[in-house]
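Residue strings, one per chain:
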Amino acid sequence: MSVASNIRQLKAALPAGVTLVAVSKFHPVEMIREAYEAGQRVFGESKAQELTAKQPRLPDDIEWHFIGHLQTNKVKYIAPFIHTIHSIDSLNLLQEVDKQAARSGRNIRVLLQVHVAAEDTKFGLTPGACEELVRSEAFAACRHVTVCGLMGMATNTDDTGQVRKEFRTLHSLFAMLKERYFRDNPAFTELSMGMSHDYRLAIEEGSTLVRVGSLIFGDRTY
């Protein structure tokens, strides 16, 4: 099937309130344009250098989401146009995004990345560190970011019970933070979890943003 057909089929199957983030990392501009022409507007990239090369070559109404590990020294390159950063995994990174957003005269939407998988290779705050961060004075001092929710990745395993448990852990943390710290923040609504192999489970456990790449674009060319 074509990229356009894959996009239409995926979007038709998503329930109301769930947004498809088409993960376009390592795929060429031409394939992104094909998805765009099929109606897709939200795209996810994970390398600042690749994203800044693609962004000027594509339509201005694309909503770019940064979904990979982000180094603080790369924030300045994407701050002028990035819509949402899913991968805030430290106070230091949050403060840098806040600083660069201010320099660009913008407010940037961010998600706090939480480590819930049984894999050391994945990034993210522990649930305890995440709560500690949102309670801090340094967090409250960040005026040019809007914290819109959480992001997490489940373990890459065929054990659907474990995957479901990890998604449920993230959803429980989201609900607790919403109740205790973000009750008066109408923007705190997003839970980014689920990829090509597990997005259906993620939706069942409350995901509002699913990050799907290979089901749309096929295998990546590295």
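Coordinates for the structure precede this section.
Everything numeric here is computed off the predicted structure, so don't read it as measured data.

S.K.: Outline the overall build of the protein, supporting the account with residue identities and numerical values.
M.R.: For the protein, the count of helices and strands is 10 helices and 8 strands. Radius of gyration (C-alpha) of the protein: 17 Å, near the 17 Å computed for a compact globule of 222 residues. A burial count over the protein gives 50% of its 222 residues as buried. At a minimum sequence separation of 6, the contacts of the protein that also span at least 24 residues come to 59%. Here the protein has roughly 10,500 Å² of accessible surface; of this, 47% comes from carbon and sulfur atoms. Looking at charge distribution, the protein has the averaged site of its 26 positive side-chain charges lying 3 Å from that of its 26 negative ones.

S.K.: Account for the packing of helix 1 (residues 3-13) against helix 2 (residues 29-37), naming residues and giving values.
M.R.: Relative orientation of the contacting elements helix 1 and helix 2 amounts to 45 degrees, with a least axis distance of 8 Å. What the angle tells us is that helix 1 and helix 2 run oblique. Two packed elements cross with a definite hand, and for helix 1 against helix 2 that hand is right-handed. In contact with Val 3, Ala 4 and Ile 7 of helix 1, helix 2 contributes Met 31, Glu 34 and Ala 35. Of the residues in the contact of helix 1 with helix 2, the class split is 5 nonpolar, no polar and 1 charged.

S.K.: Mind laying out the packing of aromatic side chains, listing which residues take part and the relevant values?
M.R.: This structure, assessed with the given rule, holds 4 aromatic pairs. Judged by centre distance (6.0 Å) and plane angle (45 degrees), the rings of Phe 43 and Trp 64 are tilted. In this pair, Phe 43 sits in strand 2 (residues 42-45) while Trp 64 sits in strand 3 (residues 63-66), placing the two residues 21 residues apart along the sequence. With respect to class, Phe 43 is no different from Trp 64; both count as buried. Members of the aromatic cluster, each reached through a chain of ring pairs, are Phe 139, Phe 174, Phe 182 and Phe 188.

S.K.: Explain the pairing of strand 2 to me, and be specific about the residues and the numbers.
M.R.: Because side chains alternate across strand 2, one face comprises the buried residues Val 42 and Gly 44, and the other comprises Phe 43 and Glu 45, equally buried. Relative to strand 2, strand 1 (residues 19-23) runs parallel, the two being bridged by 2 bridges. Bridge pairing in strand 2 places Ala 22 opposite Phe 43. Sheet topology note: the strand 2/strand 3 ladder contains 4 bridges and is parallel. Opposite Glu 45, over in strand 3, you have Phe 66 as the bridge partner.

S.K.: Lay out the pattern of salt bridges with the relevant residues and their values.
M.R.: According to the stated counting rule, one finds 11 salt bridges in the structure shown. Of the charged contacts in the structure, one is a salt bridge between Arg 57 and Glu 30, with a shortest N-O distance of 3.9 Å. Of this pair, Arg 57 sits in the loop between helix 3 (48-54) and strand 3 while Glu 30 sits in helix 2; the two residues are 27 residues apart in sequence, bridging distant segments of the chain. On the accessibility criterion, Arg 57 (49% relative accessible area) is partly exposed. Overall, the relative accessible area of 48% leaves Glu 30 in the partly exposed class. Of the charged contacts in the structure, one is a salt bridge between Arg 164 and Glu 205, with a shortest N-O distance of 2.7 Å. Taken together, the residues span a long stretch of sequence, with Arg 164 in helix 8 (residues 160-180) and Glu 205 in the loop between helix 9 (199-204) and strand 8 (209-212) at a distance of 41 residues. The class of Glu 205 is buried, set by a relative accessible area of 10%. By sharing partners, the salt bridges in this structure join Arg 164, Arg 168, Glu 204 and Glu 205 into a single network.

S.K.: Describe the nonpolar core, listing the residues and the values that go with them.
M.R.: Grouped together as the largest cluster of nonpolar side chains are 65 residues, with contacts concentrated most on Ile 85 and Leu 150. In terms of residue count, the dominant contributor to this core is helix 8 (6 residues). With 6 residues, the next largest nonpolar core counts Val 21, Val 42, Leu 111 and Leu 209 among its residues.

What counts and what doesn't
Residues numbered from 1 in each chain as written. Predicted model: local features only at pLDDT ≥ 70, side-chain atom pairs only at ≥ 80, totals over all residues. Heavy atoms only, no water. Helix = DSSP H or I, 4+ residues; strand = E, 2+ residues; numbered from the N terminus. Rg over C-alpha atoms; globule rule 2.2 N^0.38 Å. Buried < 20%, exposed > 50% of the residue type's maximum accessible area, 1.4 Å probe, protein only. Contact = heavy atoms within 4.5 Å. Areas by Shrake-Rupley, 256 points an atom, 1.4 Å probe, with all protein chains shown as cover. Lys, Arg positive; Asp, Glu negative; His and termini not counted. Charge placed at Lys NZ, Arg CZ, Asp CG, Glu CD. Axes fitted to C-alpha atoms, helices over the stretch in contact; angles between N-to-C directions. Parallel < 35°, antiparallel > 145°, perpendicular 65-115°, else oblique. Left-handed = near helix turned anticlockwise from the far one by under 90°. Nonpolar A, V, L, I, M, F, W, Y, C, P; charged D, E, K, R; others polar. Phe/Tyr/Trp six-rings, centres within 6.5 Å; stacked < 30°, edge-to-face > 60°. Pairing = 2+ DSSP bridges. Salt bridge = Lys/Arg side-chain N within 4 Å of Asp/Glu carboxyl O. Core = buried A, V, L, I, M, F, W, Y, C linked by side-chain atoms within 4.5 Å.

Geometric descriptors of this kind do not, in isolation, establish any biological role.
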